[in-house]
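Take a look at the letters that make up each chain.
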Amino acid sequence: MIKTLMYHKVEDFDKWKIAFDKFKPIRKKAGEMNYSVGTIHGQPDTAYVINGWKTIEAFEAFVGSSELADAMKSAGVLELPHTLIMEEMESK
């Protein structure tokens, strides 16, 4: 499984979270298997998302979509996301 960590500054976390939740069906259709969200400690205006993806290709197609770019803009994302792509070897 591929895990990704993305984080970025947002205008308002609660506004961003509402938009994130509304986008769930689109994320699932794109191949998202699971997720975790929150803020960076001491930085309440920096949202993070950790996702599990079926394949790296699914993730790349999702992050490259204009639909995601439009949703992020309307959700109040203030910068391009910082992204780490990880290959999970074990999870318990």
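Summarised in this report is the structure supplied together with it.

Cut-offs applied
Residues numbered from 1 in each chain as written. Predicted model: local features only at pLDDT ≥ 70, side-chain atom pairs only at ≥ 80, totals over all residues. Heavy atoms only, no water. Pairing = 2+ DSSP bridges. Helix = DSSP H or I, 4+ residues; strand = E, 2+ residues; numbered from the N terminus. Axes fitted to C-alpha atoms, helices over the stretch in contact; angles between N-to-C directions. 1 Å grid on protein atoms, 1.4 Å probe; cavity = no way out; pocket = protein on both sides within 12 Å on 5 of 7 lines; lining within 4 Å. Points joined across faces, edges and corners; volume = space filled by probe spheres on them.

1. Remarks on the sheet that holds strand 4 (residues 82–87)
Line of reasoning, step 1. Spatially, 2-3-1-4 is the arrangement adopted by the four strands of the open sheet, whose pairing is antiparallel. Edge positions in the open sheet fall to strand 2 (32–40) and strand 4, since each of these has one partner strand only. If you compare each strand with its neighbour and ignore which way they point, the axes differ by 15° on average.
Line of reasoning, step 2. Judged from the six bridges that link them, strand 1 (residues 2–9) and strand 4 form a sheet pairing that is antiparallel. If you follow L5 over to strand 4, its bridge partner there is L84.

2. A look at empty space enclosed by the protein
In this approach the atoms are scanned with a rolling probe the size of a water molecule, which exposes any empty space left behind.
Line of reasoning, step 1. For the structure on display, the rule yields one cavity of 30 Å³ or more.
Line of reasoning, step 2. Taken as a whole, the largest cavity spans an internal volume of roughly 260 Å³.
Line of reasoning, step 3. Lining the largest cavity are 18 residues, and of these W16, F20, V49, L68 and M72 lie nearest its centre.
Line of reasoning, step 4. Among the elements of the structure, strand 1, helix 1 (13–22), strand 3 (43–53), helix 3 (56–63) and helix 4 (66–74) are those that each provide at least two residues to the lining of the largest cavity.

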